[in-house]
Amino acid sequence: MEKIAVFPGSFDPITKGHESVLKRALPLFDKLYIAIGINADKKGFFPIEKRMEWIQQVFLDYPLVEVIKYEGLTIDLCKKLNANYILRGLRTSADFEFERSIGQINKKLYPNIETVFLLTAPEYTFLNSSIVRDILRHGGDANQFVPDGIELTA
């Protein structure tokens, strides 16, 4: 059976932490979808097309990676894509508690799914997209926190 994974998130913007988790996960799967969720209740800081462009740029040399956008439940996307894994990165114990409950609900909704957690590399434990957006909102330079080749401007 082909090992297909979905890594869902807003990636608003993608960070070096995301990039690290994804690149370390690549050997585990035959196909990996980076799935940008569209939340009607939230307005993204960066347009979704820009986020998709950045991620495609970062993973240009990785043919098993496909960048997509989706609406609705992640588990419904997994069914549609015949994905049997959801990939999640964990920075802290609080992340684990949050992700564990979602993973358990997903398992109840779709018994064929497994959630795979990878720990964030220690040098990125502090990093998340909210911090990057906050730096930008206040006129700071957040480019050191995003993958090489991405140039952020507010």
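Conventions used here
Residues numbered from 1 in each chain as written. Predicted model: local features only at pLDDT ≥ 70, side-chain atom pairs only at ≥ 80, totals over all residues. Heavy atoms only, no water. 1 Å grid on protein atoms, 1.4 Å probe; cavity = no way out; pocket = protein on both sides within 12 Å on 5 of 7 lines; lining within 4 Å. Points joined across faces, edges and corners; volume = space filled by probe spheres on them. Helix = DSSP H or I, 4+ residues; strand = E, 2+ residues; numbered from the N terminus. Pairing = 2+ DSSP bridges. Axes fitted to C-alpha atoms, helices over the stretch in contact; angles between N-to-C directions. Contact = heavy atoms within 4.5 Å. Buried < 20%, exposed > 50% of the residue type's maximum accessible area, 1.4 Å probe, protein only. Core = buried A, V, L, I, M, F, W, Y, C linked by side-chain atoms within 4.5 Å. Right-handed = clockwise from strand over helix to strand, strands pointing away.

## Considering the layout of surface pockets
Part 1: Its boundaries defined by the atoms lining it, the largest pocket holds a volume of some 1500 Å³.
Part 2: As for the largest pocket, its lining consists of 47 residues, of which P8, G9, S10, K42 and R88 are closest to the centre.
Part 3: Looking at the lining of the largest pocket, the element that brings in the most residues is helix 4 (residues 93–109), giving eight residues.

## Let's talk about the pairing of strand 3 (residues 65–71)
Part 1: Here strand 2 (residues 31–38) pairs with strand 3 via seven bridges, running parallel. Residue pairing across strands places G37 opposite Y70, the latter belonging to strand 3.

## Details of the sheet that holds strand 4 (residues 85–90)
Part 1: Ordered by their spatial adjacency, five strands build an open sheet running 3-2-1-4-5, and the pairing between neighbours is parallel. With one partner strand each, in any of the chains shown, strand 3 and strand 5 (114–119) form the two edges of the open sheet. In this sheet, adjacent strand axes meet at a mean angle of 30 degrees when their direction is disregarded.
Part 2: Contacting strand 2 and strand 3, helix 2 (residues 48–58) runs over the sheet at an angle of about 160 degrees to strand 3.

## Considering unusual backbone geometry
Part 1: The amide bond that connects D12 to the next residue, P13, takes the cis arrangement and shows omega of 5 degrees.
Part 2: You can see P13 is positioned in the loop between strand 1 (4–9) and helix 1 (16–25).
Part 3: Of note, F11 is a non-glycine position whose phi angle comes to about 50 degrees, a positive value.
Part 4: In this fold, F11 is placed in the loop between strand 1 and helix 1.
Part 5: In this structure F11 comes out as buried when scored by relative accessible area, which is 3%.
Part 6: Unlike most non-glycine residues, N82 shows phi in positive territory, near 60 degrees.
Part 7: Among the secondary structure elements, N82 is positioned in the loop between helix 3 (74–81) and strand 4.

## Notes on the nonpolar core
Part 1: Ranked by internal contacts, the top residues of the largest apolar core, which has 32 residues, are L32, I34, I55, F59, L87, V132 and L152.
Part 2: Sorting the residues of this core by element identifies strand 1, helix 1, strand 2, helix 2, strand 3, strand 5 and helix 5 (129–137) as the ones contributing at least two each.
Part 3: Broken down by element, the residue count for this core peaks at five residues, all from helix 2.
Part 4: In this structure I55 touches F11, I14, I34, I36 and V67, once residues within four positions along its chain are discounted.

## Let's talk about the environment of G44
Part 1: Topologically, G44 is positioned in the loop between strand 2 and helix 2.
Part 2: Each C-alpha atom, one on G44 and one on W54, is 15 Å from the other, the two residues being ten residues apart in sequence.
Part 3: What G44 contacts, discounting residues up to four positions off in sequence, is D12 and R51.

## Examining the pairing of strand 1
Part 1: Within strand 1, five of the six residues are buried, which leaves it mostly tucked inside the rest of the structure.
Part 2: Bridge count for strand 1 against strand 2 is six bridges, and the pairing is parallel. The residue of strand 2 that forms the bridge with G9 is I36.
Part 3: At this point the chain moves from strand 1, through helix 1, to the parallel strand 2, and the crossover so formed is right-handed.
Part 4: Pairing of strand 1 with strand 4 involves two bridges; the strand directions are parallel. Following the sheet pairing, A5 is matched in strand 4 by Y85.

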